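Results of the structural survey
The lines below spell out each chain.
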Amino acid sequence: MGPPPQYSDYDAFAWAYNKHWGSAFTESILPVIDKLVLQTIPPKARILDVCCGTGQLASALVKRGYRVTGVDGSKEMIRIARRNAPKATFHVEDARSFRIAPPCDAALSTYDSLNHMMALEDLTAVFRNVHDSLRDGGWFLFDLNMEEGYTARWRGESAIVEDDHVVAYRSSYSPDDKVGRMEFTIFRKVARGWKRTDLALTQRCYSDIEVRSALKRAGFEAARVFDGARDLEPFRNVGRWFFLCRRPVAAGGRR
Ligand SMILES: C[S@@+](CC[C@H](N)C(=O)[O-])C[C@H]1O[C@@H](n2cnc3c(N)ncnc32)[C@H](O)[C@@H]1O
């Protein structure tokens with residue numbers, strides 16, 4: 001058996017993600033998390049954030065009194081997360097192989113993080129690891145880009161232009177391979193000019209049936225599914241679905 005897989009694709013992109021994406025998405029998704037999870041767990045509950053990125057969500061949860069553990073494969077994302085949420089605990093670990101001692105009351109994975117699992121076995125492995133970290137009856141909420149999201153949103157180019165950096169990106173989706181690809185070209189001002197970095201991030205599109213059967217194989221109860229385009233106002237995002245599921249309670253156990 002070789003070493004466990006390690007995900008590091010975000011390392012070179014971490015500072016840009018932190019500056020331009022992490023906070024905005026956390027702000028838009030907090031009301032969804034509040035409604036679907038926070039209202040049902042105890043005040044100082046223990047929450048696991050899987051693929052926690054630069055820690056903006058962890059920071060918001062800590063401010064509300066929760067005890068938060070974040071896991072992410074990218075050392076650089078975690079370095080920034082520790083700065084953004086010094087009272088949370090973070091681990092650089094691959095979501096496909098991490099172990100967190102149970103019991104967590106809830107687990108979250110946001111901003112299509114789980115679409116980064118490029119094979120159904122990898123997605124199932126993440127679900128198993130999350131399942132094993134939860135207490136009986138513990139909640140798991142995650143969002144995924146679905147086919148409709150890739151076809152509607154993963155096309156075209158855009159750019160962010162600031163005095164000391166430019167982030168240009170182009171996205172595409174191949175319905176045959178079910179793979180979305182986001183290519184970035186970043187220019188950042190350095191002492192004597194500009195430094196260029198090119199990187200690509202890929203995602204895999206899963207069907208509702210694949211996700212539900214992987215959850216079942218990992219031991220979860222049947223999921224409730226919310227369409228981010230219409231079920232969770234004021235949040236609105238075409239083709240982003242939220243899956244809410246629960247680790248079952250052992251026979252004779254209490255919820
Ligand atoms: C789009 S970012 C979302 C970050 C955060 N959840 C948020 O809402 O801001 C996706 C994150 O998933 C992480 N990631 C992707 N694949 C991973 C893996 N196999 N193991 C651990 N982290 C992974 C990346 O490093 C990145 O931080």
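Coordinates for the structure precede this section.
Figured I'd write up the structure that's included with this text. (Residues numbered from 1 in each chain as written. Predicted model: local features only at pLDDT ≥ 70, side-chain atom pairs only at ≥ 80, totals over all residues.)

**Points about helix α6 (residues 208–218)**
Working note: α-helix, 3.6 residues per turn, so residues spaced by three or four point in the same direction. What counts, and what does not: To sort residues by burial, count the other C-beta atoms lying within 10 Å of each one's C-beta; a count of 20 or more means buried, 12 or fewer means exposed, and anything in between means partly exposed. C-beta atoms are built from the backbone. In this description a helix means any DSSP run of H or I spanning at least four residues, a strand means any run of E spanning at least two, and both kinds are numbered starting from the N terminus. The directions considered for the arc run from the helix axis to the C-beta atoms. A pair of residues counts as a contact when their C-beta atoms, built from backbone coordinates, are within 7 Å of each other.
Inspection of α6 places Val 211, Ala 214, Leu 215 and Ala 218 among the buried residues, and these make up the whole buried set. Along α6, the residues classed as buried sweep out an arc of 100 degrees about the axis, all on the same side. Considering only its buried residues, α6 is in contact with α4 (120–133), β5 (134–145) and β11 (240–246). Of the residues flanking the end of α6, it is Gly 219, one or two places downstream, whose phi is positive at about 105 degrees.

**Remarks on the sheet that holds strand β1 (residues 46–50)**
This is how it is decided: By the convention used here, strands pair only if DSSP detects at least 2 bridges between them. Helix axes are fitted only over the stretch in contact, all axes being lines through C-alpha atoms; the angle between N-to-C directions runs from 0 to 180 degrees.
Taken in spatial order, the seven strands line up as β3-β2-β1-β4-β5-β11-β10 in an open sheet, and their pairing is mixed. Edge strands, defined here as strands with exactly one partner in the open sheet, are β3 (89–92) and β10 (224–227). For this sheet, the mean angle separating the axes of adjacent strands, direction not counted, is 15 degrees. Pairing between strand β4 (residues 104–109) and β5: five bridges, direction parallel. Along β5, the bridge assignment pairs Ser 109 with Phe 142. Along the sheet face, helix α2 (residues 56–63) touches β1 and β2 (67–72) and points at about 170 degrees away from the line of β2.

**Concerning the packing of helix α1 (residues 14–36) against α2**
Convention followed: Note that the term roughly parallel is reserved for angles under 35 degrees, roughly antiparallel for angles over 145, roughly perpendicular for angles of 65 to 115, and oblique for everything else. Side-chain classes are defined by residue name, with Ala, Val, Leu, Ile, Met, Phe, Trp, Tyr, Cys and Pro counting as nonpolar, Asp, Glu, Lys and Arg as charged, and the others, Gly among them, as polar.
Between α1 and α2, the shortest axis-to-axis distance is 8 Å and the interhelical angle comes to 50 degrees. By the angle class used here, α1 and α2 are oblique. On the side of α1, the interface is formed by Gly 22, Ser 23, Thr 26 and Leu 30, while α2 contributes Gln 56, Leu 57 and Ala 60. Considering only residue class, the contact of α1 with α2 consists of three nonpolar, four polar and no charged.

**Here's the deal with α1**
Inclusion rule: Here a helix's expected span is defined as the number of its residues, less one, multiplied by 1.5 Å. Given a residue, its bend is the angle between the two axes fitted to the seven residues that end at it and to the seven that start from it.
The end-to-end C-alpha distance of α1, which contains 23 residues, comes to just 28 Å, noticeably less than the 33 Å that a straight helix rising 1.5 Å per residue would cover. Approximately 40 degrees is the largest bend angle found in α1, and it occurs at Trp 21. For α1, the complete set of buried residues consists of Ala 14, Ala 16, Tyr 17, Asn 18, Gly 22, Thr 26, Ile 29, Val 32 and Ile 33.

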